[in-house]
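The primary structure of each chain is shown beneath.
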Amino acid sequence: MRGRTHPLALISAFLFIHQPGRAQQATPGPVTTAFRADAERLARILVAAADDMPPAKYQFKPTPAQMSVAEVVLHIAGDSEFGCAALGGAKAPTEPKLTAADSVPKLVARLTRAFAFCRTQWAKLNDAGLGDKIPGYDGPTTRAAMIFELHEDWADHYSQLANYLRLNGILPPTARRSS
């Protein structure tokens, strides 16, 4: 009997020792930690850019083919909720249907809520799950690919809003000196 107990004790000890591996999977890791930090920065400057545009300029677009400021804000909010929901394995929040003609405070609040939802989903991320399949904008993708897509989309639209601000004589948030 003693000979049989020893291998079971070794197996139990092995499994116990390797339990921290599961805990480490819940640890964010360098990739998701870096993503969260940059996502926070992008969320902050996107909301600031939307807030800095005067309400009278929310229908501004440099050419007829481009989105207006209001359309950009709504686009960022919707895409962010979809992408962040996919990242966190959650359902996107149900939001009232807004249009580009809605008031600026409603549009900025919508964008702010979208990023608040995203923060709850970013908190769930860890490097161990980067290869998991999740819904994507064009079909199934990986969590890692969605991280890149969201980052690219936010940077692209911040650049767009920054240019819209400059075209209207307003310095964008990242061009102003910190006080």
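Residues numbered from 1 in each chain as written. Predicted model: local features only at pLDDT ≥ 70, side-chain atom pairs only at ≥ 80, totals over all residues. Heavy atoms only, no water.

> So what's going on with the side chain of Asp-153? Residues and values would help.
Tracing the backbone shows Asp-153 in helix 6 (residues 143–167). Although Asp-153 is buried, it forms no salt bridge, and the closest oppositely charged side chain is Arg-110 at an N-O distance of 12 Å. Contact partners of Asp-153, with chain neighbours within four places excluded, come to His-75 and Asp-79. (Helix = DSSP H or I, 4+ residues; strand = E, 2+ residues; numbered from the N terminus. Buried < 20%, exposed > 50% of the residue type's maximum accessible area, 1.4 Å probe, protein only. Lys, Arg positive; Asp, Glu negative; His and termini not counted. Salt bridge = Lys/Arg side-chain N within 4 Å of Asp/Glu carboxyl O. Contact = heavy atoms within 4.5 Å.)

> Could you give an account of the packing of aromatic side chains, with specific residues and numbers?
One pass over the structure, following the stated rule, counts six aromatic pairs. On the numbers, 6.2 Å between centres and 20° between planes, the contact of Phe-35 with Trp-154 is stacked. Taken together, the positions of Phe-35 in helix 3 (residues 29–52) and Trp-154 in helix 6 put the pair 119 residues apart, joining distant regions of the chain. For Phe-35, a relative accessible area of 4% corresponds to the buried category. A connected cluster of aromatic rings, assembled from ring pairs, spans Phe-35, Phe-115, Trp-122 and Trp-154. (Phe/Tyr/Trp six-rings, centres within 6.5 Å; stacked < 30°, edge-to-face > 60°.)

> Break down the nonpolar core for me, citing the residues and quoting the values.
Among the nonpolar cores identified, the biggest contains 46 residues, and Tyr-58, Leu-87, Phe-115, Trp-122 and Trp-154 are the most heavily contacted of them. Among the secondary structure elements, those contributing two or more residues to this core are helix 3, helix 4 (69–88), helix 5 (104–122) and helix 6. In terms of residue count, helix 4 provides more of this core than any other element does, eleven residues in total. Setting aside chain neighbours within four positions, we find Phe-115 in contact with Ala-43, Leu-46, Val-47, Ile-76, Ser-80, Trp-122 and Trp-154. (Core = buried A, V, L, I, M, F, W, Y, C linked by side-chain atoms within 4.5 Å.)

> Can you tell me about the pattern of salt bridges, naming the residues and giving the values?
Tallying each qualifying case throughout the model produces six salt bridges. Salt-bridge contacts for Arg-176 lead to Asp-52; the nearest nitrogen and oxygen are separated by 2.7 Å. Here the residue Arg-176 occupies a position in the segment after helix 6, and Asp-52 occupies one in helix 3, the gap between them amounting to 124 residues. Given the relative accessible area of 36%, Arg-176 is considered partly exposed. Given the relative accessible area of 26%, Asp-52 is considered partly exposed. Taking the shortest distance from any N to any O, the salt bridge between Arg-113 and Glu-95 comes out at 2.6 Å. One end of the pair, Arg-113, is in helix 5; the other, Glu-95, is in the loop between helix 4 and helix 5, and 18 residues separate them in sequence.

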